Amino acid sequence: MYGRYGNDLLNAVLVICGMALVLIGQIFGFIILLPVSYVFYIFAIFRMLSKNIPARQKELFAFLKLIAPVKSRLKIQKDIWQHRNTHKYFRCPECKQWLRAPKGRGKIQVKCQKCGNDFIKKV
Ligand SMILES: [Zn+2]
C-alpha cells in the first residue's frame, strides 16, 4: 500500500451504500441493484489503490462539503435530545440561527449572537 491513497470516510460510505443496495435488492427482489452495487465497490477499491492522492483528497473534501449540512442538523438534534430537560432550543426569527436558553425562566429577552436581533421568548 506504499504510495497508495488508502481508506477514508468516502470509501466507507461507498462500501456501506453498496451493501445497502445489495440488502434492498435481496429484500425487495430488485436484481438490478446487485450490479449497481458493484459500481460502488469498484469505485471504493479504485480510490483506495489510487496513487493520485490530491485528486482523492479533492473528492473527499467535496463529499465532506456535501454532507456538512446533514452533519450539522444531526448534531443539533443530538444536542436537543441530550439537553432536553435543562434547555430549550429555538431559532432566531431573523437569521434562523439555532439558540438555546435554560428552561423554566419564563419570558426572557434573547439577543442573537449572529445577527444581533433582540426578541422575547418564553422558555
Ligand atoms: Zn439571528
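Residues numbered from 1 in each chain as written. Predicted model: local features only at pLDDT ≥ 70, side-chain atom pairs only at ≥ 80, totals over all residues. Heavy atoms only, no water.

Considering a nonpolar patch on the surface
Taken together, the side chains of L23, I24, I27, F28, F30, I32 and V36 present a nonpolar region at the surface, about 710 Å² in accessible area. Counting residues per element, the nonpolar patch draws most heavily on helix α1 (residues 9-28), at 4 residues. Relative to the elements of secondary structure, L23 occurs in helix α1. Residue classification places L23 among the exposed residues on the basis of a relative accessible area of 52%. (Patch = residues over 30% accessible without salt bridge, like charges linked within 9 Å, V, L, I, M, F, W, Y side chains within 5 Å. Areas by Shrake-Rupley, 256 points an atom, 1.4 Å probe, with all protein chains shown as cover. Salt bridge = Lys/Arg side-chain N within 4 Å of Asp/Glu carboxyl O. Helix = DSSP H or I, 4+ residues; strand = E, 2+ residues; numbered from the N terminus. Buried < 20%, exposed > 50% of the residue type's maximum accessible area, 1.4 Å probe, protein only.)

Some details on the coordination of the zinc ion
In this structure, C92 (SG), C95 (SG), C112 (SG) and C115 (SG) serve as the protein donors to the zinc ion, at separations of 2.2 to 2.4 Å. Relative to the metal, the 4 donor atoms surrounding the zinc ion lie at angles of 107 to 114°, and the coordination shape comes out tetrahedral. Mapping the donors of the zinc ion onto the primary sequence gives the spacing C-x2-C-x16-C-x2-C. (Donors = N, O, S within 2.8 Å, 3.2 Å for Na, K, Ca; no water. Tetrahedral: all angles 85-135°; square planar, octahedral: opposite > 155°, others 65-115°.)

With respect to the domain arrangement of the protein
On domain assignment, one finds that the protein holds domain 1 (1-82) and domain 2 (84-123). Between the C-alpha centres of domain 1 and domain 2 the distance comes to 37 Å. Domain 1 puts 6 residues into the contact, and the matching count from domain 2 is 4 residues. Both sides of the domain 1 and domain 2 interface together cover about 560 Å² of buried area, and 57% of this is carbon and sulfur. (Domains from an automatic or database assignment. Contact = heavy atoms within 4.5 Å. Buried area = accessible area lost by both parts, 1.4 Å probe.)

As for a positive patch on the surface
Judged by side-chain charge, R84, K88, K103, K107 and K122 come together as a positively charged surface patch. By the element assignment, R84 lies in the loop between α3 (53-82) and β1 (87-91). (Lys, Arg positive; Asp, Glu negative; His and termini not counted. Charge placed at Lys NZ, Arg CZ, Asp CG, Glu CD.)

With respect to the pairing of strand β3 (residues 107-111)
Note: β3 against strand β4 (residues 118-122), 5 bridges, orientation antiparallel. In the sheet register, V110 faces β4, and the bridge partner there is F119. Connecting β3 to the antiparallel partner β4 that follows it, the hairpin turn spans 6 residues, and G116 within it adopts a positive phi of roughly 80°. (Pairing = 2+ DSSP bridges.)

Quick notes on the environment of L64
Within the secondary structure, L64 sits in helix α3. Classification of L64 by relative accessible area gives partly exposed; the value is 30%. Linking L64 and L9, residues 55 residues apart in sequence, is a C-alpha distance of 8.8 Å.

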